[in-house]
Amino acid sequence: MTKEELLQFTSLEDILATAALTPIFQPIVSLKNNQIYGYEALIRGPSDSVLHSPINLFDAASRHGRLAELDLLCREVAIARFGELDLKAKLFINTIPAALLQPDYPHGLTTKFLKKAGIPAEQVVIELTEQYPIDDYVLMREATEHYREMGFSIAIDDLGAGYSGLRTWSELKPDYVKLDRHFMQNIHEDQQKKQFVQSMIDIAQSSNCRVIGEGVEVREEYLVAQSMDMHFAQGYYFGRPTPNPKRELPPELFAKRQP
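Residues numbered from 1 in each chain as written. Predicted model: local features only at pLDDT ≥ 70, side-chain atom pairs only at ≥ 80, totals over all residues. Heavy atoms only, no water.

A.B. asks: Just checking my understanding: could you explain unusual backbone geometry for this structure?
C.D. replies: Of note in this structure, D86 is not a glycine but carries a positive phi near 55 degrees. Structurally, the position occupied by D86 is in the loop between α3 (67–85) and β3 (90–95). What makes D86 partly exposed here is its relative accessible area of 43%. We note that K173 has phi near 45 degrees; this positive angle belongs to a residue other than glycine. Mapped onto the fold, K173 is located in the loop between α7 (165–172) and β6 (176–179). (Helix = DSSP H or I, 4+ residues; strand = E, 2+ residues; numbered from the N terminus. Buried < 20%, exposed > 50% of the residue type's maximum accessible area, 1.4 Å probe, protein only.)

Below you can see the structure in the form of structure tokens.
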């Protein structure tokens, strides 16, 4: 183990032992009624740690066989904080399919976390991130059906960026798909991106699924999303992830003309 790997390992051990994680929340906005529909919970490690970045944090957990433990801890602190904030909106929680499918993954704890926080399962969306490939679709379907039976909704994150997004969509039949930010970036200047996104919206409408465009950063991108009848959008244009997110957005964000 190199010096850097050792430092990451000891940092990971400390984080898991002390729950030293900070949940932050980014609004997901309904383009139908111009209001906040939900919040995605994101995680940061300690600011002075080599594992402050979630990418480094999850990579370290994966390398050291602690992915399921970290995944569950992230869920616990995000739910607890969301309950403290008392936000009356959907809570989108990221989870890694590879962690869910581990034989020792302790199922059933999520409902305990929610009960303690006073949040109904119907308010929560489990977001499956494609950081790692899904190898066993039968098991994955069983896991997602298990969540649905408890009242949760299912989302696929970063569609178009992962290993097998369209197959995952077809197999799991999620309630939401989140288009990777690549497709929303400069969409107002790229006809091909528009066509791709429109085809995803068309597929979603025929399969009773809702589309969330990620990475909407400028007004022009928002206006294209609005014109395409996209259901929801998320990105810096509406708000950055923060520990104390806004509960309402200024109306001028949704004005058809530049105010």
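A.B. asks: Is there a simple way to explain the packing of helix α1 (residues 3–18) against helix α2 (residues 54–63) in this structure?
C.D. replies: Angle between the axes and distance between the axes: these two values describe a pair of packed helices. Across the interface, α1 lies against α2 with an axial gap of 10 Å and an inter-helix angle of 95 degrees. Here α1 is positioned roughly perpendicular relative to α2, judged by the angle of their axes. On α2, the residues touching Q8, L12 and I15 of α1 are L57, A60, A61 and R63. Considering only residue class, the contact of α1 with α2 consists of 5 nonpolar, 1 polar and 1 charged. (Axes fitted to C-alpha atoms, helices over the stretch in contact; angles between N-to-C directions. Parallel < 35°, antiparallel > 145°, perpendicular 65-115°, else oblique. Contact = heavy atoms within 4.5 Å. Nonpolar A, V, L, I, M, F, W, Y, C, P; charged D, E, K, R; others polar.)

A.B. asks: Got a minute to help me understand the environment of D135 in this structure?
C.D. replies: Its place among the elements puts D135 in the loop between β4 (124–128) and α6 (137–149). For D135 and I201, which are 66 residues apart along the polypeptide, the C-alpha to C-alpha distance reads 27 Å.

A.B. asks: Teacher, can you tell me more about the nonpolar core here?
C.D. replies: For soluble globular proteins, the rule of thumb is that nonpolar side chains tend to be buried together. One finds L21, L57, L70, W169, V197, M230 and F238 to be the most contacted residues of the largest nonpolar core, which totals 74 residues. Ranked by residues supplied to this core, first place goes to α3 with 11 residues. Core analysis: the second largest hydrophobic core is formed by 7 residues, V125, Y176, I212 and F232 among them. (Core = buried A, V, L, I, M, F, W, Y, C linked by side-chain atoms within 4.5 Å.)

A.B. asks: Teacher, can you tell me more about the pairing of β6 here?
C.D. replies: Consecutive side chains of a regular strand alternate in pointing toward one face of the sheet and then the other. Of the two faces of β6, the one carrying Y176 and K178 and the one carrying V177 and L179 are both buried. The pairing of strand β5 (residues 153–159) with β6 spans 3 bridges and is parallel. Residue pairing in the sheet places I156 in a bridge with V177 of β6. Pairing of β6 with strand β7 (residues 210–213) involves 4 bridges; the strand directions are parallel. Note on β7: the bridge partner recorded for V177 is V211. (Pairing = 2+ DSSP bridges.)

A.B. asks: What should I look at first to understand the packing of aromatic side chains in this one?
C.D. replies: Each aromatic ring pair is characterised by the separation of its centres together with the angle its planes make. Applying the stated rule across the entire model yields 13 aromatic pairs. Taking the centre distance of 5.5 Å and the plane angle of 80 degrees together, the rings of Y147 and F152 count as edge-to-face. Accessibility assignment for this pair places Y147 and F152 in one class, buried. Ring centres of Y176 and F232 lie 6.2 Å apart, and the angle between their planes is 50 degrees; on these two criteria the pair is classed as tilted. In this pair, Y176 is assigned in strand β6 and F232 in strand β8 (residues 232–234), connecting sequence segments 56 residues apart. You'll find Y176 and F232 in the same group, each marked buried. Ring pairing ties together the aromatic residues Y37, F92, Y176 and F232, which thus form one cluster. (Phe/Tyr/Trp six-rings, centres within 6.5 Å; stacked < 30°, edge-to-face > 60°.)

A.B. asks: So what exactly am I meant to see when it comes to the environment of P245 here?
C.D. replies: Examined against the element boundaries, P245 turns out to sit in the segment after β8. For P245, a relative accessible area of 9% translates into the label buried. For the pair P245 and Y39, spaced 206 residues apart in sequence, the C-alpha to C-alpha distance is 8.6 Å. In this view, P245 contacts F25, Y39, L85 and L87; residues no more than four positions away in its chain are not counted.

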